[in-house]
Amino acid sequence: MKLFEYEAKDIFAKYGIPVPKGVICETPDEVVSAFYNLKKNVVLKAQVLVGGRGKAGAIKFPKTSSEASDMAKSLFDMEIKGERVEKVYVEQALSIEKEYYLGIITDTDTSSPLLIFASEGGMEIELLAKEKPEVIKKVVINPLLGLMSYNIRFILKESNLSSEYHQQIINIALNLYSIYWEMDGELIEINPLVLTKDGDLFAADAKLNIDNNALFRHPELPKREIKTVEDKAAKLGLSYVLLDGNIGIISNGAGLTMATMDHLNLAGGKPANFLDAGERILRDGVKDGMNIILENPNVDAILINIFAGGPRCDVIAEKIVQTIDEMEESKSLNVPVVVTLHGRYMEEGRKILSKCKSPHLYQELEIEDAVKKVIELGGKSK
Ligand code: GDP
Ligand code: MN
């Protein structure tokens, strides 16, 4: 889950990372009073969960109260990369001497936290990596030890950064790591980390993404409206990952789901998603799974591959038939569904499927035949 800049900065401040003074506003009038309260030296920042606000014109520097009012109105009317602006953060403006980048991500290659520092900040890190890779320094953090000052000292030396600022940056990095670790962060970023003309360092921007699987450990965090299909699926207890093929897959267990994708790939098909319904397959896992999969317009056919170790195939077969009946009734099913069942009460389950008269349902006894069938019915991925 992504936090808004103002929410992340609130946490930064609690952990001792210097952030400019700010007021969160929901109307242009509130922006104007914040303009006065912050001594008429402010920056207005649209609060959205996407980056690149600077470039999108969503960061503004009013000089007068009427400018503050006009700029606030235009910000509240904005939509940035599909996201409506509902709040504007009014912050004391900084006089910037230099911008840096400081961030920590969970690195999938090493399964460890990775500290990243760049002696040039402001630009999005992906872009910076393309244009000036030489200014980006990285160090893998041993998760058992945590971030050590020497890790960051080493990077700062390599970056030829004046030693005058080393201690301030080290303190910020250590606090940043504490947040990342204690809040179950996936990514935490200060971009830009600003050196002011007075020689102080401030987090001018703040990004904090929390691992969704750890949200239950943070009841203090705001509850967000579910937006993406992945979020919707997670809320239903399904593990769903969107992929770029045209065959929707429902399986039970992560291992079997991955093996099903491998079979499909080997036969020349392309999965549209990964969907592990787990033990939910016994309850509404098939129905919820089909609904989630069909939100993807690229899906031309669905493959359901089940191994019932504990659960029973006959119960699952009934769920599948019932779901297909209901969807046909409501005319919400217009792709073929190929099913393979193995495990307990397999014969009974298979009988239930073969009795079903639906023109959408196909049964194959082995996965090798099922993948061929679903590719034949669904056609090649576009
Ligand atoms: P982003 O574009 O969504 O990442 O938004 P940022 O908060 O990073 O702001 C973009 C740019 O606006 C920064 O890189 C700075 O150059 C500039 N900026 C942000 N806050 C201030 C400020 O207080 N004073 C000044 N002069 N520039 C700022
Ligand atoms: Mn930024």
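Residues numbered from 1 in each chain as written. Chains lettered and ligands numbered in written order. Predicted model: local features only at pLDDT ≥ 70, side-chain atom pairs only at ≥ 80, totals over all residues. Heavy atoms only, no water.

(A) Structural detail: the domain arrangement of the protein. What the domain assignment lists for the protein is domain 1 (21–92), domain 2 (96–217) and domain 3 (229–380). Placing the centre of domain 2 and that of domain 3 at their C-alpha centroids yields a distance of 43 Å. (Domains from an automatic or database assignment.)

(B) Looking closely at the coordination of the manganese ion (ligand 2). Looking at the manganese ion (ligand 2), one finds its protein donor set to be Asn 191 (O) and Asp 205 (OD), positioned 2.2 Å from the metal centre. Of the two residues, Asn 191 sits in strand E10 (residues 185–196) while Asp 205 sits in the loop between strand E11 (201–203) and strand E12 (207–210), which places them 14 residues apart along the sequence. For the pair Asn 191 and Asp 205, a shared accessibility class is recorded, and that class is buried. (Donors = N, O, S within 2.8 Å, 3.2 Å for Na, K, Ca; no water. Helix = DSSP H or I, 4+ residues; strand = E, 2+ residues; numbered from the N terminus. Buried < 20%, exposed > 50% of the residue type's maximum accessible area, 1.4 Å probe, protein only.)

(C) The arrangement of the sheet that holds strand E3 (residues 59–60) in detail. Spatially, the four strands line up as an open sheet ordered E1-E6-E2-E3, and their pairing is antiparallel. Both edges of this open sheet fall to strand E1 (22–25) and E3, since each of them pairs with a single strand only. The strands touched by helix H1 (residues 5–14) within the sheet are E1, strand E2 (42–47) and strand E6 (87–92), with E6 carrying the most contacts at an inclination of about 45 degrees. Strands E1, E2 and E6 of the sheet are contacted by helix H2 (residues 28–37), whose axis makes an angle of about 170 degrees with E1. (Pairing = 2+ DSSP bridges. Contact = heavy atoms within 4.5 Å. Axes fitted to C-alpha atoms, helices over the stretch in contact; angles between N-to-C directions.)

(D) Broad picture of the pattern of salt bridges. What the rule picks out here adds up to 18 salt bridges. Measuring nitrogen to oxygen at the nearest pair gives 2.6 Å for the salt bridge that ties Lys 9 to Glu 91. A residue pair is termed long-range when its members are at least 10 positions apart, and Lys 9 in helix H1 and Glu 91 in strand E6 qualify at 82 residues. Each member of the pair, Lys 9 as well as Glu 91, is classed as buried. We note a salt bridge from Glu 26 to Lys 87, for which the minimum N-O separation is 3.9 Å. (Salt bridge = Lys/Arg side-chain N within 4 Å of Asp/Glu carboxyl O.)

(E) Main features of the site of ligand 1. Near ligand 1 you find 15 residues, and of these Lys 45, Arg 53, Gly 54, Leu 94 and Glu 99 are the closest. In this structure, Leu 94 approaches ligand 1 through a main-chain N or O atom, which is 2.9 Å from an oxygen atom. Interatomic distance of 2.5 Å between a side-chain N/O atom of Glu 99 and an oxygen atom of ligand 1. Coverage of ligand 1 by the protein amounts to 81% of the 560 Å² it exposes when considered alone. Counting the residues that make up the shell around ligand 1, at least three belong to each of domain 1 (21–92) and domain 2 (96–217). (Near = heavy atom within 4 Å. Polar contact = N/O pair within 3.5 Å; in protein donor to acceptor, adjacent residues only side chain to side chain. Areas by Shrake-Rupley, 256 points an atom, 1.4 Å probe, with all protein chains shown as cover.)

(F) Spotlight on the packing of aromatic side chains. Counting across every chain of the model gives six aromatic pairs. Here the aromatic rings of Phe 35 and Tyr 36 are separated by 5.7 Å at their centres, their planes lie at 75 degrees, and the arrangement is edge-to-face. You can call Phe 35 buried: its relative accessible area is 1%. A relative accessible area of 44% means that Tyr 36 is categorised as partly exposed. Taken together, the ring pairs connect Phe 4, Tyr 6 and Tyr 89 into an aromatic cluster. The lysine or arginine in question, Arg 312, covers the ring of Tyr 345, its NZ or CZ lying 3.7 Å from the ring centre. (Phe/Tyr/Trp six-rings, centres within 6.5 Å; stacked < 30°, edge-to-face > 60°. Lys NZ or Arg CZ within 6 Å of the ring centre and 35° of its normal.)

(G) Representation of the side chain of Thr 260 in the model. Tracing the backbone shows Thr 260 in helix H8 (residues 254–266). A distance of 2.6 Å separates a polar side-chain atom of Thr 260 from the backbone oxygen of Leu 256. Here the side chain of Thr 260 touches Asn 305 through a polar contact of 2.9 Å, side chain to side chain. In this structure, Thr 260 is in contact with Ile 249, Ser 251, Leu 303, Asn 305 and Ile 367, ignoring residues within four places of it in sequence.

(H) Focus on helix H5 (residues 149–158). Among all positions of H5, only Asn 151, Ile 152, Ile 155 and Leu 156 are buried. Seen from one end, H5 has its buried residues packed into an arc of 125 degrees, which puts them on one side. What points out from H5, more than 90 degrees from its buried face, is the exposed set Tyr 150, Phe 154 and Lys 157. Looking at the buried residues of H5, the elements they touch are strand E7 (96–107), strand E8 (112–118), strand E9 (136–140) and helix H6 (166–182). Looking one or two residues beyond H5, the residue adopting positive phi is Asn 160, at roughly 55 degrees. (Arc of directions from axis to C-beta.)

(I) Representation of the packing of helix H10 (residues 313–329) against helix H11 (residues 346–355) in the model. For the pair H10 and H11, the least separation of the axes is 7 Å and the interaxial angle reads 15 degrees. Regarding the angle of H10 to H11, the classification is roughly parallel. Note that H10 runs across H11; the crossing there is right-handed. Here Cys 313, Asp 314, Ala 317, Glu 318, Ile 320 and Val 321 of H10 come into contact with H11, specifically with Met 346, Glu 348, Gly 349, Ile 352 and Leu 353. Taken together, the residues that form the contact of H10 with H11 break down as seven nonpolar, one polar and three charged. (Parallel < 35°, antiparallel > 145°, perpendicular 65-115°, else oblique. Left-handed = near helix turned anticlockwise from the far one by under 90°. Nonpolar A, V, L, I, M, F, W, Y, C, P; charged D, E, K, R; others polar.)

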